[in-house]
Amino acid sequence: MLFYKLFKDKDGRKVGFVQANEACIEAALLAGMRFFAGYPITPSSEMASVSSEKLPMYGGKFIQMEDEIAAMTAVCGASMAGLKAMTATSGPGFSLKQEAIGYAAMNEIPCVIVNVQRAGPSTGLPTQVSQGDVMQARWGTHGDHPIIVLSPSTVVETADLTFDAFNLAEKYRTPVILLMDETLAHMREKITLPAENELKLVERKRATVPPSDYRSFDTRFGDVPPFEPYGGKYHFHITGLTHDEMGFPIVEPDDVVKAMDRIHRKINNNLDDIVKVKQFQTDDAEILLVSFGTPVRTCLGAMEIGRKEGLKIGVLQLQTIWPFPDKAVLNLAKKIGKIFVVELNMGQIINEVQRASQGKSNIKGINKYDGLFISPDEILSHILESKG
Amino acid sequence: MMENIIHDYLRPKKSFPHVWCPGCGDGIVLNAMVRAIHSLGKSKDEVVFVSGIGCSSRAPAYTDFSSLHGIHGRALPFATGIKLANPKLTVVVFSGDGDALAIGGNHFIHACRRNIDITVVVINNNIYGMTGGQASPTMPTGAYGATAPYGNLDRPFDVCKLAAAAGANYVARATAFQFFQLEKCIKEGIEKKGFSVIEAVTPCPSLYSFFNNTGRGVDMLKKLRDRAVTTQKAATLSPAELEDKIVTGVFANENFREYCAGYAELVEKAERSKKNEESL
Ligand SMILES: Cc1ncc(C[n+]2csc(CCOP(=O)(O)OP(=O)(O)O)c2C)c(N)n1
Ligand code: SF4
Ligand SMILES: [Mg+2]
């Protein structure tokens, strides 16, 4: 059962007052998502519910699996069969999905994984907000692996970054994680989705060679191998073992390095395309707030209030958190002497800000990890405190 | 003399030599499966061959079907994603006794319950081959293994009883010695709409034998021959007489609604709701 209704405006755009969880699935459907496998967990469950209701209407498939491991694995299978596929979960479920996320990275399987963060560790505070999974989103699965992680701060941005997530997944043949949080997930805002003719959708690159010449991980056409789905003339093998272009296991050290380098290079050589940030009043700022996800809203509030009181605050929002926006952080660190990193955890992304800013700025953390959302006053009092 | 068709199904490009030890049962089961697919007249284009991790799970790399060598225990959810995404495909799965019943045990019973049209061959060698002979969920009580130096404490699963109780449409067992019966069961399994489980009891002459002195491959095959009894014969035997026997035959042959067929029915209901939505 749906708890929202969309209306069409005069230009054919769907408009509604929806939660981010709902917006994400509506956007995913527009992005071409046709397979969702899930397992219920607060605060992400609405995504499974909406998918179960909507996907069959769009010729897509929804399946509730027996656990999150199965859900993530089924997503890999469905994507290999040619469908744009996603799953959504939260904390404990995100932990369970990790091995299969690594499989997707290793086999270059396009897919989108939503993690609506709740406070942990373990079962933690199931209904309360956190951003404690920043490092897990980057390094949760074992081994060096490439990954893209996006983090929205509003309902509208959730839809926008959901489009981006699918497009990046298809373009680079990679899993993409949408890192949300409980506050955003259940927040209602007005949203206007693009009409179908306004969408710029990316589809995975298909093979141009005849079946006899097909390779599962062909590098002759660039670092992103062309994709053919299961079923049809192209017969191919994939495996989680380190493999050559044919998908067969390798152990020769040089071959291993070549394979590892390429799956990282396809992301790292395209940072300008992948890494997105937003800057707010950074031109004249003397104090910079760096944040991502829902706390960005609070930072903007603190900026507005602070400026009225003579504090020249600017905000850097990291929409892409992995790969980390090194360049944007360094450029601002060179200009602005004071940086506060605002995050709802005990300090995770701050380590990256410190690394990227190369000692050019004075960096402090504003951290909240009591299960509650942060207010502009809390941010401002930290700033004033440090002024002494 | 049986026609040898296996070479028509091996990958033309490098994926050899295979990893299996001399006398291993895995190649026998692979041959039976290939022959079953061949006899059904399936095109290679429509088959996807999925596996988990283990010695037996290496099989998909060697045949010229599209294939997925997955994660330990997760062959069935991979296969479920593929099948539901494209129900026209014939999805066959190889899974070891550890892969299917220990780490993948939950997926196994749920795949049976879901009754999706996939055929899984559980290659039961009563041991973890790939990792060096540890106890598996089908290892007999008292048998020895790398993690059972004093004899296995646990009781073994009966794969077929488990699958039938969990709701699979087709359940059968054959040993690697009974090649033609095995081929026939796999064929019936693939033909059956719904989830099919074929337990193939195989020799592991390297590791099971190392810990339990069961001889070489041929000795173990002969033993399988001697231990096998049909379901009909088994019905006449006492529990004591059945002690060391392997009951072979068909244990379930049902026609519960298949999952993808059920999904297609659900889509019709959803399309009616969509009309409401579009009338906004
Ligand atoms: C998550 C995980 N745990 C453990 C392993 C190690 N492992 C690889 S194969 C295997 C067991 C294989 O036994 P079985 O499934 O019976 O297959 P067989 O080798 O006997 O054919 C184990 C435990 C793994 N690959 N992944
Ligand atoms: S260890 Fe056993 S199961 Fe594995 S290949 Fe050798 S004989 Fe076969
Ligand atoms: Mg085994």
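Now for a look at the structure at hand.

The rules behind these values
- Residues numbered from 1 in each chain as written.
- Chains lettered and ligands numbered in written order.
- Predicted model: local features only at pLDDT ≥ 70, side-chain atom pairs only at ≥ 80, totals over all residues.
- Heavy atoms only, no water.
- Helix = DSSP H or I, 4+ residues; strand = E, 2+ residues; numbered from the N terminus.
- Buried < 20%, exposed > 50% of the residue type's maximum accessible area, 1.4 Å probe, protein only.
- Contact = heavy atoms within 4.5 Å.
- Lys, Arg positive; Asp, Glu negative; His and termini not counted.
- Charge placed at Lys NZ, Arg CZ, Asp CG, Glu CD.
- Near = heavy atom within 4 Å.
- Polar contact = N/O pair within 3.5 Å; in protein donor to acceptor, adjacent residues only side chain to side chain.
- Areas by Shrake-Rupley, 256 points an atom, 1.4 Å probe, with all protein chains shown as cover.
- 1 Å grid on protein atoms, 1.4 Å probe; cavity = no way out; pocket = protein on both sides within 12 Å on 5 of 7 lines; lining within 4 Å.
- Points joined across faces, edges and corners; volume = space filled by probe spheres on them.
- Nonpolar A, V, L, I, M, F, W, Y, C, P; charged D, E, K, R; others polar.
- Donors = N, O, S within 2.8 Å, 3.2 Å for Na, K, Ca; no water.
- Pairing = 2+ DSSP bridges.
- Axes fitted to C-alpha atoms, helices over the stretch in contact; angles between N-to-C directions.
- Buried area = accessible area lost by both parts, 1.4 Å probe.
- Salt bridge = Lys/Arg side-chain N within 4 Å of Asp/Glu carboxyl O.
- Right-handed = clockwise from strand over helix to strand, strands pointing away.
- Phe/Tyr/Trp six-rings, centres within 6.5 Å; stacked < 30°, edge-to-face > 60°.
- Lys NZ or Arg CZ within 6 Å of the ring centre and 35° of its normal.

1. Some points on the overall build of chain A
Tallying secondary structure elements over chain A gives 13 helices and 17 strands in all. Each of the three principal axes of chain A carries a C-alpha extent, and together these read 70 × 50 × 40 Å. A buried classification covers 60% of the 388 residues belonging to chain A. The contacts of chain A with a sequence gap of at least 6 include a subset with a gap of at least 24, amounting to 75%. Of the side chains in chain A, 42 bear a positive and 47 a negative charge, and the two mean positions are spaced by 5 Å.

2. With respect to the site of ligand 1
Near ligand 1 there are 17 residues, and of these B:Cys55, B:Ser56, B:Asp97, B:Asp99 and B:Gly129 occur at the shortest range. Ligand 1 sits at the junction of chains A and B, each of which supplies nearby residues. Between B:Asp99 and ligand 1, the recorded distance is 2.7 Å, taken from a backbone N or O atom to an oxygen atom. Side-chain polar atom of B:Asn125 to an oxygen atom of ligand 1: 3.0 Å apart, as the coordinates give it. A total of 600 Å² of accessible area belongs to ligand 1 in isolation, and the protein chains cover 78% of it. In terms of residue count, helix H3 (residues 97–101) of chain B provides more of the shell around ligand 1 than any other element does, three residues in total.

3. Focus on the layout of surface pockets
All names here are of chain B. By volume, the largest pocket amounts to about 1,100 Å³. Along its surface, the largest pocket is lined by 33 residues, and Pro140, Arg227, Glu243, Lys245 and Ile246 are the ones closest to its centre. Top contributing element to the lining of the largest pocket by residue count: helix H8 (residues 217–227), with five residues. Of the residues contributing to the lining of the largest pocket, the split by class is 16 nonpolar, seven polar and ten charged.

4. A word on the coordination of the magnesium ion (ligand 3)
Residues and elements named next belong to chain B. Around the magnesium ion (ligand 3), the protein supplies Asp97 (OD), Asn125 (OD1) and Ile127 (O) as donor atoms, at distances of 2.0 to 2.2 Å. Along the chain, the residues that donate to the magnesium ion (ligand 3) are spaced as D-x27-N-x1-I. Within this pair, whereas Asp97 is found in helix H3, its partner Asn125 is found in the loop between strand S4 (118–124) and strand S5 (127–128), the two being separated by 28 residues in sequence. For Asp97, a relative accessible area of 2% gives the class buried. What makes Asn125 buried here is its relative accessible area of 10%.

5. Some thoughts on the sheet that holds strand S1 (residues 6–8) of chain A
Residue and element names in this part refer to chain A. If you trace the three strands from one edge of the open sheet to the other, you get S1-S2-S10, paired in antiparallel fashion. The outermost strands of the open sheet, each flanked by one partner alone, are S1 and strand S10 (188–192). Looking at each pair of strands side by side, their axes are set apart by 20° on average, direction ignored. With five bridges joining them, strand S2 (residues 14–19) and S10 adopt antiparallel strand pairing. When the sheet's bridge partners are listed, Gly16 is paired in S10 with Ile191. Contacting S1, S2 and S10, helix H1 (residues 20–31) runs over the sheet at an angle of about 140° to S2.

6. Notes on the interface of chain A and chain B
Each side of the interface is counted separately: chain A has 45 residues, and chain B has 42 residues. Between chain A and chain B, a total of about 3,800 Å² is buried, with carbon and sulfur atoms accounting for 60% of that surface. Interface area lost by chain A to chain B is led by A:Met57, A:Glu66 and A:His235, which between them contribute 17%. In this structure, the connection of chain A to chain B is made through two salt bridges. One salt bridge connects B:Arg114 with A:Glu66, and the closest N-O pair in it is separated by 2.7 Å. The tally of links from chain A across to chain B stands at 19 residue pairs in polar contact (both at pLDDT 80 or more). No other element matches the seven residues that helix H3 (residues 68–80) of chain A contributes to the side of chain A that touches chain B. Counted by class, the side of chain A that touches chain B contains 25 nonpolar, eleven polar and nine charged residues.

7. Brief notes about the pairing of strand S16 (residues 338–343) of chain A
Residue and element names in this part refer to chain A. The element S16 is largely enclosed, with a buried count of five among its six residues. Here strand S13 (residues 287–291) pairs with S16 via five bridges, running parallel. Bridge assignment links Ile287 to a residue of S16, and that residue is Lys338. As paired strands, S16 and strand S17 (residues 362–367) are joined by six bridges and run parallel to one another. Note on S17: the bridge partner recorded for Ile339 is Ile363. Read as a crossover between parallel neighbours, the route from S16 over helix H12 (residues 349–357) to S17 is right-handed.

8. Quick word on the packing of aromatic side chains
Evaluated as defined, the whole model comprises twelve aromatic pairs over all chains. Ring centres of A:Tyr230 and A:Phe236 lie 5.0 Å apart, and the angle between their planes is 5°; on these two criteria the pair is classed as stacked. Site record: aromatic cluster; members linked through ring pairs are A:Tyr214, A:Tyr230, A:Tyr234 and A:Phe236. In this structure, A:Arg138 packs its charged tip against the face of A:Trp139, placed 3.9 Å from the ring centre. Positioned above the aromatic ring of B:Tyr9 is the side chain of B:Lys44, whose terminal nitrogen or guanidinium carbon lies 5.2 Å from the ring centre.

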